Amino acid sequence: MATVTLTVNGKSVTATVEPRTLLVQLLREQLALTGTHVGCDTSQCGACVVHVNGDSVKSCTMLAVQANGAQVTTIEGLATGDKLHPMQEAFRENHGLQCGFCTPGMVMSAVDFAKHHKSPTEQQIREWLEGNICRCTGYHNIVKAIKAGTEAMGRTA
Amino acid sequence: MSATGIGAPVRRKEDSRFLTGRGTYTDDINRPGQVHAFLLRSPHAHAELRRVDTTSAKAAPGVLAVFAGADMQVGGLPCGWLIHSKDGNPMAEPPHPVLAQGKVRHVGDPIAVVIAETRAQAKDAAELIVVDYQPLPAVVAGEDALKPGAPQLHEQAKGNLCYDWHLGDKQAVDAAFAKAAHVTRLDIVNNRLVANPMEPRAAIGEYDRASGEYTLYTTSQNPHVIRLLMGAFVLQLPEHKLRVVAPDVGGGFGSKIYHYAEEAIVTWAAPHVGRPIKWTAERGESFASDAQGRDHVTHAELALDKDGKFLALRVATIANLGAYLSTFSTAIPTYLYGTLLAGTYTTPAVYVEVKSAFTNTVPVDAYRGAGRPEACYVIERIVDTAARELKIDPAELRRRNFIPKDAYPYQTPVALTYDSGDYFTTLDMAMKAADYAGFAQRREAAAKRGKLRGIGIATYIEACGIAPSAVAGALGARAGLYETAELRVHPTGSVTVFTGTHSHGQGHETTFAQLVSDRLGLPLEMIDVVHGDTNKIPFGMGTYGSRSLPVGGSALVKAMDKVVNKGKKIAAHLLEAAEADIEFKDGKFSVAGTDRNVAFGQVAFAAYVPHNYPIEELEPGLDETAFYDPKNFTYPAGCHIAEIEIDRDTGDVAVVRFTAADDFGRIINPMIVEGQVHGGLAQGIGQALYENAVYSDDGQLVTGSFMDYCMPRADNLPSFDVATHATLCTHNPLGVKGCGEAGAIGAPAAIMNAVADALAPLGIGSLDMPATPERIWRAIAAKTMPQAA
Ligand code: FES
Ligand code: FES
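Computed from a predicted model, the values in this text were never measured in an experiment.

Draft legend 1. Quick look at the overall build of chain A. Scanning chain A for helices and strands turns up five helices and five strands. Counting from the amino terminus, helix and strand elements in chain A follow one another as β-β-α-β-β-β-α-α-α-α. Relative to a compact globule of 157 residues, whose C-alpha radius of gyration would be 15 Å, chain A shows 15 Å and is just as compact. Over its C-alpha atoms, taken along the principal directions, chain A stretches across nearly 45 × 30 × 25 Å. The burial tally for chain A puts 57% of its 157 residues in the buried class. Within chain A, contacts between residues at least 6 apart in sequence are counted, and of these 57% link residues at least 24 apart.

Shown next as structure tokens:
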């Protein structure tokens, strides 16, 4: 067993984990942050994307012990109180989600994208999403949402 | 149109929880004292189990119990649809054991379950189970399974044949072919697909010793169907002691309709270990155990007269059902396929024969569209081939054969009666939006860039809103297919809708609330929609086959009618007027021709606080339930046009433009409808270009992960141009037809017709799906550098 201490959504947490525990398992099973999802076992789907020290990371691809000392943000930590983050709002406004299962990973990935692209093209968005699979939306509205969300984040930044 | 009623693009009520990580999917639920199940699955496609020894696994750390087939003597997983062969005999219906009994028949077939304190412990212990396999030869393709000498899967299915079914008038078809001016022939394969909703299946079984009640939380599209099948057939648990909850479900596409072994296992084992038991599939298990889709091999022939009028269609299909009969598997290649082979055309005679085969592969059942994409693919590919052979524009050939606008109700030669439609308008709309007329120029421009550009049309029809129960029953369905709704009006005038349908992405919490807002004049905040819990909702059949609005929405309308009718009686009393004079509009009951009225909320209050109330004639309360059994199927239809470019050097296909014009009848929420079309198109394009479940000859699923099975990614797809044109359904109260499957039905044929169009100048004939770069490159190479191919 190993002890990890990390900051999750602004709160410091300490947990005891088996060395093989993945970050996503720590979040979902020990910290009850079930907004981060698991959609595959080969690091392909992106349902598990969170931010580690500000960068989007597939939390199924990282051991919990590797996150020791890190700042982790999950989908639960994105909104401010009842006010949705501009990217969440853009997904809602543009119907960028259906079943919602890929959504947390999509939104977290999109927020990271927005940090690096001020006025993105459709093609840039589509290429960025290579590591996020959605089976419901055909991506059309996700692409629209990310464009709108990126622009909104630019305005509030 | 009100801002929240029918036709408004209302933003979804369910989104705030999904966007903030507060959805509750099955794997998010953790019950007190919960333990974990892991299934040992067969690595062989076909083998005898000489010995299954669980002794060491039972002694492993954290393990509470291990059960193999011999320990779990329960009923088999039932099939819900009985098909009869041509000769009148019932289909072969071999047992489908929950845990393998002496034999495994596909890779992934469950052999034993380990239940332990943690998932990791269960998984570790499963490695200690000793299984002595005697491998047997396997067969994976439907045609091979039906050949003499093929390995036999089940004693009860001679020659691996499930049934040899047919539909239509063979003599009339033969006679039409005899006098045809032209006959087009086509051999095509409808590739096997894996549904792959992003949420893997999961189940939690729980037993309450005090009440004797079982609870199953499961990733299902239809909790009551699971309760009925598992309770009555597999575990013999009385239904009043069995609660099935399907909470938020992360996509289904058909694959979460069926009753699966794991649901029965965790429910059955819960009292044995005295703890709630959770099982969650890893994606690899989803590939090896979720029912797969399609897998047809078809020979089709179309007879035409000298003017290009279709005289007859003859179709012979072999459908691969996999190793066992899944819940609705037998109906898909028959009543959801053969009956659709008239398509949008007046073809006067159609004859179809379908042989369904058992093979050493994962069971096959409905996947988005289910039978109807296969039918559309046959028709639209052969119509396009005929157009090319006869040098008639493919749009023109379709127009010559469309069912005329004034011919409804239209009786097809394959049992269905279409109630309404207008295929001319959707074709014209799509052609205009796709700039069909300007294509020749775009093709030329592409050629200058070294690209082969093609355009492809598909017109489709589907039968949705499943189904009139008596008709379905006569055709072999072992269930009723009505839908239910309860409208509970609360004393202060807010309402809760309990629907028997289930939302796993479709947005029912919004669309159904819009129906209520529209009719009762309430704001959306005062309306909640509940689904997915058999202890809350009335008995309903769930969501599949684009049935939620046509059937479930109609049930809700009936329940609202009842509420309004009772409300009128109460209002008449409150207003001291005759009931016949009361009108209900915009949330108010008023006396016709006067300004005297009472609000809906006042009537609700009076119903629950009946101080001033016609208590002698009328029960208190305002809570109504309705069942709706549809009179006919609904027939969404439309036209899809794909434009693609092929890179000659790599064989890569880029979808450069995709246009859809669909007729879904009346539309409740256009934003949601467009989203459904987008998603369907992505799956249809996925089938045509990317996805394929490939088995090796010895039955290993070669494409068993997202590394090998190509799910469409964002950069594989274009943005879509979608539009609708409504002809109203004539037999349900909303005029709705359903929109969930359309995209997946039209797109494969549209894409493959475009591929064929692009490659025709090189003399390349029909290619099969998926049109991967390799397939296309080989086809081009065979023509342009025969020595290389
Ligand atoms: S769970 Fe699929 S990439 Fe992490
Ligand atoms: S919304 Fe269902 S997978 Fe993306």
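Draft legend 2. Main features of helix H12 (residues 439-448) of chain B. Residue and element names in this part refer to chain B. Along H12, the residues that are buried comprise Phe439, Arg442 and Ala446. Seen from one end, H12 has its buried residues packed into an arc of 60 degrees, which puts them on one side. Pointing more than 90 degrees away from the buried face of H12 are the exposed residues Gln441, Glu444 and Lys448. Where H12 is buried, its residues meet strand E18 (451-461), strand E26 (637-647), strand E27 (653-663) and helix H18 (742-759).

Draft legend 3. Summary view of the interface of chain B and chain A. Every contact between the two is made by 52 residues of chain B and, on the other side, 42 residues of chain A. Overall, the association of chain B and chain A removes approximately 4,100 Å² of surface from exposure, summing both partners, and the carbon and sulfur fraction of that is 55%. Our enumeration of links across chain B and chain A arrives at five salt bridges. One can count 29 residue pairs in polar contact (both at pLDDT 80 or more) joining chain B with chain A. Of all the secondary structure elements, the ones that give two or more residues to the side of chain B that touches chain A are helix H1 (15-19), helix H3 (119-126), helix H8 (283-289) and helix H17 (670-690) of chain B. The greatest single-element share of the side of chain B that touches chain A, amounting to eight residues, is contributed by H17 of chain B.

Draft legend 4. Structural context of the pattern of salt bridges. Residue and element names in this part refer to chain B. Inspection of every chain in the model, using the stated rule, returns 56 salt bridges over all chains. The salt bridge partner of Asp144 is Lys147, with a shortest N-O separation of 3.0 Å. A relative accessible area of 46% places Lys147 in the partly exposed class. Put simply, Glu301 and Arg185 hold a salt bridge, and the shortest N to O gap is 3.6 Å. Of this pair, Glu301 sits in strand E13 (residues 296-304) while Arg185 is found in strand E8 (residues 182-190), placing the two residues 116 residues apart along the sequence. Bridged by salt links that share partners, the residues Asp435, Arg442, Arg449, Arg453, Glu643 and Glu645 form one connected network.

Draft legend 5. Inspection of the nonpolar core at higher detail. Phe91 of chain A together with Tyr418, Ile646, Phe658, Ile685 and Ile751 of chain B are the most contacted members of the largest nonpolar core, which totals 183 residues. Here this core gets eleven residues from one element, more than from any other, and that element is H18 of chain B. In this structure, Ile685 of chain B is in contact with Val655, Phe658, Tyr690, Leu717, Phe720, Ala747 and Ile751 of chain B, ignoring residues within four places of it in sequence. Core analysis: the next-biggest nonpolar cluster, separate from the first, contains 47 residues, Ala8, Val529, Ile570 and Phe600 of chain B among them.

Draft legend 6. Layout of the layout of surface pockets. Quantified by volume, the largest pocket comes out at close to 1,300 Å³. Residue assignment for the lining of the largest pocket shows that the elements contributing at least two residues are strand E2 (11-17) and helix H1 (23-30) of chain A together with strand E1 (35-41), H3 and strand E12 (277-280) of chain B. Examining the composition of the lining of the largest pocket, we find that six residues originate from one element, H1 of chain A, more than from any other. Classifying every residue of the lining of the largest pocket by side-chain character gives 16 nonpolar, 14 polar and 16 charged.

Draft legend 7. Main features of the side chain of Gln683 of chain B. Among the structural elements, Gln683 of chain B can be located in helix H17. Residue class for Gln683 of chain B comes out buried when judged on its relative accessible area of 2%. Sequence-distant contacts of Gln683 of chain B, that is, excluding residues within four places in its chain, are made with Arg135 of chain A together with Phe253, Tyr367, Arg368 and Glu691 of chain B.

Draft legend 8. A look at the sheet that holds strand E6 (residues 130-135) of chain B. Residues and elements named next belong to chain B. Strand order in this open sheet of three strands is E4-E2-E6, and the pairing throughout is antiparallel. Single-partner strands in this sheet number two, and they are strand E4 (103-104) and E6. Sheet topology note: the strand E2 (residues 47-53)/E6 ladder contains six bridges and is antiparallel. Within E6, the residue paired with Glu48 across the bridge is Gln134.

Draft legend 9. Representation of the packing of aromatic side chains in the model. Residue and element names in this part refer to chain B. For the structure on display, the rule yields 23 aromatic pairs over all chains. An angle of 50 degrees between the planes, with centres 4.9 Å apart, marks the rings of Tyr418 and Tyr635 as tilted. Taken as a pair, Tyr418 in strand E17 (residues 417-418) and Tyr635 in the loop between strand E25 (623-628) and E26 lie far apart in primary sequence, 217 residues in all. Each member of the pair Tyr418 and Tyr635 is classed as buried. Arranged with centres 6.3 Å apart and planes meeting at 90 degrees, the rings of Phe658 and Phe720 form a pair that is edge-to-face. Here the residue Phe658 occupies a position in strand E27, and Phe720 occupies one in the loop between H17 and strand E28 (721-724), the gap between them amounting to 62 residues. Phe658 sits in the buried class, given a relative accessible area of 1%. Among the aromatic residues, those joined into a ring-pair cluster are Phe310, Tyr345, Phe402, Tyr408, Tyr423 and Phe424. Sitting over the face of the ring of Phe18, Arg17 holds its NZ or CZ atom 4.8 Å from the ring centroid. Cation over ring: Arg201 sits above Tyr260, and NZ or CZ is 3.6 Å from the ring centre.

Definitions and cut-offs
Residues numbered from 1 in each chain as written. Chains lettered and ligands numbered in written order. Predicted model: local features only at pLDDT ≥ 70, side-chain atom pairs only at ≥ 80, totals over all residues. Heavy atoms only, no water. Helix = DSSP H or I, 4+ residues; strand = E, 2+ residues; numbered from the N terminus. Rg over C-alpha atoms; globule rule 2.2 N^0.38 Å. Buried < 20%, exposed > 50% of the residue type's maximum accessible area, 1.4 Å probe, protein only. Contact = heavy atoms within 4.5 Å. Arc of directions from axis to C-beta. Buried area = accessible area lost by both parts, 1.4 Å probe. Salt bridge = Lys/Arg side-chain N within 4 Å of Asp/Glu carboxyl O. Polar contact = N/O pair within 3.5 Å; in protein donor to acceptor, adjacent residues only side chain to side chain. Core = buried A, V, L, I, M, F, W, Y, C linked by side-chain atoms within 4.5 Å. 1 Å grid on protein atoms, 1.4 Å probe; cavity = no way out; pocket = protein on both sides within 12 Å on 5 of 7 lines; lining within 4 Å. Points joined across faces, edges and corners; volume = space filled by probe spheres on them. Nonpolar A, V, L, I, M, F, W, Y, C, P; charged D, E, K, R; others polar. Pairing = 2+ DSSP bridges. Phe/Tyr/Trp six-rings, centres within 6.5 Å; stacked < 30°, edge-to-face > 60°. Lys NZ or Arg CZ within 6 Å of the ring centre and 35° of its normal.

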